[in-house]
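Examination of the molecular architecture
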Amino acid sequence: MTRLAELRAIVGNDHARTAVAGDTLDGVRPRFVATPGSVGEVSELLRLAGSSRWSVAPAGSGTKRGWGNPPTSLDLVLNTRRLDRMIEHSEGDLVVSAEAGMTLDSLQTHLEGAGQMLALDPEDTDSTLGGLIAANASGPRRFRYGTVRDLLIGITIVLADGTVAKSGGKVVKNVAGYDLGKLFTGSLGTLGVIVGATFRLHPRPATSRLVKTDVGDAEAVGAALRRILRSSLVPSAINLLADKDTIGQIGILFEGIEPGAEAQAKTAAGLLQGDRDPSVFRGEAAMERWRDLAESSPEDAPVTLKVTCLPAELPDVLKRVNEAAKRCRMTTRVRGQIGNGVLLVGLSVDETSQVVEMVTDLRNFAHEGSVVVLEAPVEVKRRIDTWGSVGDALPLMRKVKEQFDPAGVLNPGRFVGRI
Amino acid sequence: MKRSETHERGETSLSRAELIERMVAILGAGGVVSERAQLRTYECDGLASHRVIPSLVLLPENVEQIEAVVRLCHQERIPFVARGSGTGLSGGALPVEDGMLIVTARMNRIVEVDIPNQRVVVEPGVTNLSVTTEVAPEGYYYAPDPSSQLVCSIGGNVAENSGGAHCLKYGFTTNHVTGLEVVLPDGGRVHLGGKTADPPGYDLMGAFVGSEGTLGIATLVTLRILRQPETVQTMLAAFSSPDEAGGAVSGIIAAGIIPAAVEMMDTLAIQAAEATVKAGYPLGAGAILIVELDGPAAEVEHQFREVEGICRSNGASELRIALDADERTRIWKGRKAAFAAMGRISPAYYVQDGVIPRTALPVVLRKISALATDHGLRVANVFHAGDGNLHPLVLYDDAAKGEAERAETVATEILRICIAQGGSITGEHGVGTDKKDDMPKMFTVDDLDTMQRLRCAFDPNGVCNPGKIFPTPRLCGEVPGPHRPHPLQTAGLAEIF
Ligand SMILES: Cc1cc2nc3c(=O)[nH]c(=O)nc-3n(C[C@H](O)[C@H](O)[C@H](O)COP(=O)(O)OP(=O)(O)OC[C@H]3O[C@@H](n4cnc5c(N)ncnc54)[C@H](O)[C@@H]3O)c2cc1C
């Protein structure tokens, strides 16, 4: 049997094919693409890959395919999109289980009917649930609801040797056994293929308010953030949008019932009162402005960095980003979930040496957080580790990888320390 | 030193006397407990039915001492167990015979308070409540609030992923730890997570929280603290049956309200609590709910009225609203004293800790009640109704022949009921020694084996709190799957990093 025939014997004729140029991942062209329709098929594919000594890249919708270092080898793309079934939505328990290939969009559409939501708002809502977990994708509302690790309560995975295993469960409170959901969150497909997930849900807020204000410089951003954080307000998100010279806008989103959202917005507007009057938007208008502010994408830029810091370090980090950009002869567009100390920095250029210089410059700046290259041309990624240093835990991370994927089948080279 | 004792140890070539000498060299004489009478103080944790006297109890004062102790244990293949305050209820800190018990009580410094970034860094022996006490003057608190918070340690909380009444809205320990310093079972020190968001790499910190002391010893813990809410409102609602109370809980959730806490107590629990602390609970009630809302005043006020309405429409006969902090404390007092109060109505009791989907509450409570009747025992229920975490207290008389066994049967059967409903065998007390044999009821052999791959990465020799969580240890040497050279080697990339 040819290799392709072997794949087709597992997933059916329509669901395995020879790879084409468009399947190329960071310059590495796989040989095949297979789209299994069941957990059993995932397991069989991985066993075949193991015995064929193939490298496998698990994939969902492909929204994060640019993340991570270039793979050291790649033979098979294992796409989970056909695993897209809803397993159980238990409304009264605010819990949902679904297969990992379901997209966030279709999950949310389903939940909307019950007035509920999965409180994750990453940029790409057409990403699959498995992809979300593997990439640890998050959005501005993390300020209130947390990230994947806070909402994932159960996970089903297929290991490189075909073993199907689960951890957690479908109740929100559960401490039986190790929490492998945490381990797989952000593991970028290097430990196993995620095939199913259970999340805790939240009620959909009835209404929203957006308090928006212009800020003149980095210090003003810091001051505004300090005031909000020190208050007892409960915003859903605190975002910054800043172009070129850090002159930008801060938007604070409040969600909930009418009286609560209204009162909080008034208090926040009062706290932000300065040279410029903050504006308050309500309901649909609030959501429209919010989308402009939070979703206008630095990913339009050819290179995107994710810079994290402590909230109190924010002014210094913003200044540093500006200075570094000047030194490296480029401009930046910064969008930040500043309440969490997360900045997405879009760079205006993709010239390898300039980008490398910029990243190195930022990494040399002694602050608590990290500088990760999210999207960049492969030439850049060949020159620098996209993740940066992970400190003294790297040897332990390697041991974990060796236990879960001893033969190095899954996404070799793409993770931290080229795991 | 008696000669015979040297034979009792595992693979170590050191005699007990030599071992004591080496440990004293590291910890000083005051840091090593070796007298049998003193060792007995540490023979069990909160689960008194399991007792083992350790070889030595060690009381380190700093991380360097822990490293040195663990390195020695690693070299000599001596098993060790970490212990915080010993309040665990699953035998997680049960010592290993011929092993070391490493007690963190002397490592109780609050190392850093960082209000602007909402972080506190503490040593593992710091008690849960003292974190909140430390930051309260600034208007902050540490959210996870186990009932044992006055004594239990942050290290123990991290190991058990402890919860509390307010976890319904705010999450468990795992949602409030951002960084750990850990001494690994080979004596090496690593830093997992940190103070900032999304550190790159595997979330080994997330995997460590809840690992019940089997992956290493946490020596520093970075916690997230929260701003105190603008308003807190608490009510006590009395119902004629747990069914009605359960209906109210479902109604609250269906209305899109997430209270800070929803606790339920049944008649027996109410009676026991009243007999002890006189919280003023309605003695005739079939069940009471304590519902607490917190957050922005305008929101809480509105939703509180809604909750009142929901309770009434589900048959609440009495509603008491705390008008001030004193009244709130009084309402909570009965709930917090409930476990201890069982002594008033029964000579002995067994605390179970199972979880069910919240919607299954009424049917499960009926099944538990029938089960108790069948076995001629009483079961009192005090629990976190909002997240379906049951704490049935199986009451028995240990002097009456066979009752203890029957109580254990009932407790085990309760877990079976929870699992059948799609629940869990433990919501917050952990698996430890107590429930490791129940793990196969919830997980397949492959599930458990996969979890233990993590353990093998941290503790390949199985010396760190051995014999807990898993019914059968996995041998770490055997790595399944076809072997091939690491792709880094084949790609010639291995030397670069
Ligand atoms: C009256 C009472 C009420 C309780 N109420 C609650 C409750 O509401 N919610 C709840 O979740 N629990 C509750 N518990 C259980 C218990 O208090 C918690 O599990 C607590 O976290 C244990 O802390 P500890 O310091 O006593 O730990 P210990 O009992 O000493 O140890 C528990 C586990 O942690 C490990 N460990 C300890 N320190 C470290 C460290 N530094 N590094 C790694 N591992 C370590 C031990 O090896 C052991 O496995 C209650 C217990 C009692 C007695």
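Everything that follows concerns the structure shown earlier in this document.
The text that follows walks through the structure, step by step, so that each part is easy to find. What you see is a predicted model, and the numbers here were worked out from it, not measured in a lab.

**Notes on the overall build of chain A**
Scanning chain A from terminus to terminus reveals 14 helices and 19 strands. For 419 residues, the compact-globule formula gives about 22 Å, and the C-alpha radius of gyration of chain A, at 22 Å, lands near that figure. For chain A, the spread of C-alpha atoms along the principal axes amounts to about 75 × 55 × 35 Å. Looking at the 419 residues of chain A, the share that counts as buried comes to 65%. Of the contacts formed within chain A by residues at least 6 apart in sequence, a portion of 71% connects residues at least 24 apart. Accessible surface, chain A as shown: approximately 14200 Å² in total, 48% of it carbon and sulfur. Averaged over its 50 positive side-chain charges, chain A has a centre that lies 3 Å from the centre of its 51 negative ones.

**Observations regarding the nonpolar core**
Residues and elements named next belong to chain A. With 94 residues, the main nonpolar core has Leu-118, Leu-183 and Phe-184 as its most contacted residues. With residues up to four places along the chain from it excluded, the contact list for Leu-118 reads Leu-104, Leu-107, Gln-108, Leu-111, Leu-129, Leu-151, Phe-199, Arg-200 and Leu-201. Core analysis: the second largest hydrophobic core is formed by 47 residues, Cys-328, Val-334, Leu-347 and Val-356 among them.

**Remarks on the site of the ligand**
All names here are of chain B. In the vicinity of the ligand there are 32 residues, among which Ala-82, Gly-84, Thr-87, Ser-148 and Ser-153 approach most closely. A distance of 2.7 Å separates an oxygen atom of the ligand from a polar backbone atom of Gly-88. Within the backbone of Gly-156, one N or O atom sits 3.4 Å away from an oxygen atom of the ligand. For the shell around the ligand, the secondary-structure elements that each account for two or more residues are strand S3 (80–83), helix H5 (154–160) and strand S10 (217–224). The leading source of residues in the shell around the ligand is H5, at five residues. Looking at the shell around the ligand residue by residue, the classes come out as nine nonpolar, 19 polar and four charged. Shared between two domains, the shell around the ligand holds at least three residues of each, these being domain 1 (3–103) and domain 2 (110–227).

Parameters and conventions
Residues numbered from 1 in each chain as written. Chains lettered and ligands numbered in written order. Predicted model: local features only at pLDDT ≥ 70, side-chain atom pairs only at ≥ 80, totals over all residues. Heavy atoms only, no water. Helix = DSSP H or I, 4+ residues; strand = E, 2+ residues; numbered from the N terminus. Rg over C-alpha atoms; globule rule 2.2 N^0.38 Å. Buried < 20%, exposed > 50% of the residue type's maximum accessible area, 1.4 Å probe, protein only. Contact = heavy atoms within 4.5 Å. Areas by Shrake-Rupley, 256 points an atom, 1.4 Å probe, with all protein chains shown as cover. Lys, Arg positive; Asp, Glu negative; His and termini not counted. Charge placed at Lys NZ, Arg CZ, Asp CG, Glu CD. Core = buried A, V, L, I, M, F, W, Y, C linked by side-chain atoms within 4.5 Å. Near = heavy atom within 4 Å. Polar contact = N/O pair within 3.5 Å; in protein donor to acceptor, adjacent residues only side chain to side chain. Nonpolar A, V, L, I, M, F, W, Y, C, P; charged D, E, K, R; others polar. Domains from an automatic or database assignment.

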